Every structure is written in structure tokens, then in C-alpha cells.
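An overview of the molecular structure
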Amino acid sequence: MSTMTTRTHVPDFPAELRRWRTARRLSQLELAARAETSQRHLSFIESGRSRPGRTMIIRLAESLGLSLRERNALLHTAGFAPVFPESALDAPMLRPVHDALRAVLEGHLPYPAMVLRPYGQIVAANAAIDVLTEGASPELLRAPMNMLRLMLHPEGMAPRVQNLNAWGHHVLENMRAQALRSPDPLLDAFIEELRGYVPDAELGPDHLGFAVPLRLRDPDGSGELRLLTTLTSFATATDVTLAELHLEAFLPADEATATALRRRAAERS
């Protein structure tokens, strides 16, 4: 008895591959070299004259720097089933990850830290996040809370952000860079929403780009908190959900901020 495996061929794969290569600004020769194949073979794939196997598609997707979700989507356009699983956040297999992240969040105290899904949705946070949420509209604090919207919304952190123009453009530029890497109409719409919250004033000569600190008025009115952010992701994850999570941790940019956050932690306990 023979076993026959069938797969549905989706003719849009060559166009999708060309779209990603163009978005990454790679020539056929450059992509072929990265994927360890010949330019001739890649040309045949992009013209539809050759149908690549799953291994070749995965290699091309990796060479293009696609996310796991995007790799699954590219496989789908070629008629293959997804390779990378997508677990629910509360799936048993992710419980050790949640435990580890919770330990990291608690270990970062007295400074705020949170775990985010794509586009700023908060999955978990430590107690110090109250320095960011204090005074915000209850509507913005309802689950699922979005950190990016909270930061820039006029009923969120915006009235307390002393450098809203510079900080807002810093956030928007990071999101635009993400949209260039991974085009998504939903992300484009979200960027447009957030852009409406950021002043149009020109950036001054002291603008530092990616090094912009968050200058936040202390909720108790005693002074200004200066915070830097760090981002950590799971670079070797093979699960779509896990690969899309990242940890955003705030660090004090000066001793006065560190002292103020330690004082808040002592009062909280």
C-alpha cells in the first residue's frame, strides 16, 4: 500500500518571495548567497519555473530575516503546513517561561519592567509599573493594557512626560522601523493613531535619537524621573508566541531617579 502526500500549490509564492526580497533590498545574487543556493535557481523560483521544497523555503525565509510567524506564512503561500507552533499564552509548555519571566520582573525591582506582546500589549509587569500608570485614565488601564498607547495618550502618561515631543518621535521611529521589517496594515493604523498624540514641533539640536531618555514627572510632584529602557527577546525561540514576547525594563538614568524609585518601593511595601 502506498501513501500519497498532497499539498495545495498557491501560485502567489513567487510574488511573495520577490516582495520580501525587495523589502529587504537584496539582489537575487545576495539572497542566493545567503541561502547557499545559485542565483539561477533563485531566479527560477521567483519566476515560478521551479517549485522549492520546504527546506529551501525555510532557508530563504531565514536568510530574509523573517519572523517565525512570517516564515509560517511564506510556507503557506507555497502550499506547506506551518512548521513553527503557536502556543496559547497559558499553555502548559509555556509555564516554565512564565515562571522565569516573573522571576526576572521581580528581580528588576525597584525599577519598572514588563513583558510585552507585539505592538505593546502587556502580558505581565512588576509592581514598580505603578510609576508609569499612576494618574492614567481607567479606560487605558483595562486589560489588555497597551504600553505604547499608555505612554503617548493625553489621558495616559503624556501629561507627565516632560520631553513628549522627543520621546514620542523616538517611539514612533522604532515602530516605523518595525513596520518596514514586517509590513502589517494593523501596525500602520496603530502608528497613525499614536502619531496623533505626539506634538508636531521640530526636534531640537539636543535630540539624541535612540538614546532619548524618558523624562517623567514624579507622580508625587517632587521632581523628575529620568529613565532609560532596555529590550530583551527570545532570540532562539521556536514557538511563534514565545518569539514575539519581549521584556522591556526601565533603568534609572541618574542617582536621583534611582533614589526616588527605591523610596517608592519602600513605601509600597
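Structure: see above.
Structural notes, computed from the coordinates.

Conventions and cut-offs
- Residues numbered from 1 in each chain as written.
- Predicted model: local features only at pLDDT ≥ 70, side-chain atom pairs only at ≥ 80, totals over all residues.
- Heavy atoms only, no water.
- Helix = DSSP H or I, 4+ residues; strand = E, 2+ residues; numbered from the N terminus.
- Contact = heavy atoms within 4.5 Å.
- Areas by Shrake-Rupley, 256 points an atom, 1.4 Å probe, with all protein chains shown as cover.
- Lys, Arg positive; Asp, Glu negative; His and termini not counted.
- Charge placed at Lys NZ, Arg CZ, Asp CG, Glu CD.
- Axes fitted to C-alpha atoms, helices over the stretch in contact; angles between N-to-C directions.
- Parallel < 35°, antiparallel > 145°, perpendicular 65-115°, else oblique.
- Left-handed = near helix turned anticlockwise from the far one by under 90°.
- Nonpolar A, V, L, I, M, F, W, Y, C, P; charged D, E, K, R; others polar.
- Phe/Tyr/Trp six-rings, centres within 6.5 Å; stacked < 30°, edge-to-face > 60°.
- Lys NZ or Arg CZ within 6 Å of the ring centre and 35° of its normal.

Side note on the overall build of the chain
Along the chain, the regular secondary structure elements total 13 helices and 5 strands. Principal-axis analysis of the C-alpha atoms places the extent of the chain at approximately 75 × 45 × 30 Å. A sequence separation of at least 24 residues applies to 58% of the contacts in the chain between residues at least 6 apart. A total of about 14,700 Å² of accessible surface is found on the chain, and carbon and sulfur atoms cover 54% of it. The average position of the 30 basic charges and that of the 32 acidic charges among the side chains of the chain differ by 8 Å.

Looking at the packing of helix 10 (residues 164–181) against helix 11 (residues 185–195)
At a closest axis distance of 10 Å, the pairing of helix 10 and helix 11 adopts a crossing angle of 165°. The orientation of helix 10 relative to helix 11 falls into the category roughly antiparallel. Every pair of crossing elements has a handedness; the one defined by helix 10 and helix 11 is left-handed. Contacts between helix 10 and helix 11 involve Leu172, Met175, Arg176, Gln178 and Ala179 from the first element and Leu187, Asp188, Phe190, Ile191, Leu194 and Arg195 from the second. In terms of residue class, the contact of helix 10 with helix 11 is made up of 7 nonpolar, 1 polar and 3 charged.

Comments concerning the packing of aromatic side chains
Counted by the stated rule, this structure contains 0 aromatic pairs. Across the ring face of Trp20, the terminal group of Arg19 is positioned such that the distance to the ring centre comes to 4.7 Å. Over the ring of Phe44 we find Arg49, and its NZ or CZ is 4.0 Å from the ring centre.

Focus on the side chain of Asn163
Relative to the elements of secondary structure, Asn163 occurs in the loop between helix 9 (147–152) and helix 10. Filtering out sequence-adjacent residues up to four positions away, Asn163 remains in contact with Gly168, Val212, Pro213, Leu214 and Arg215.

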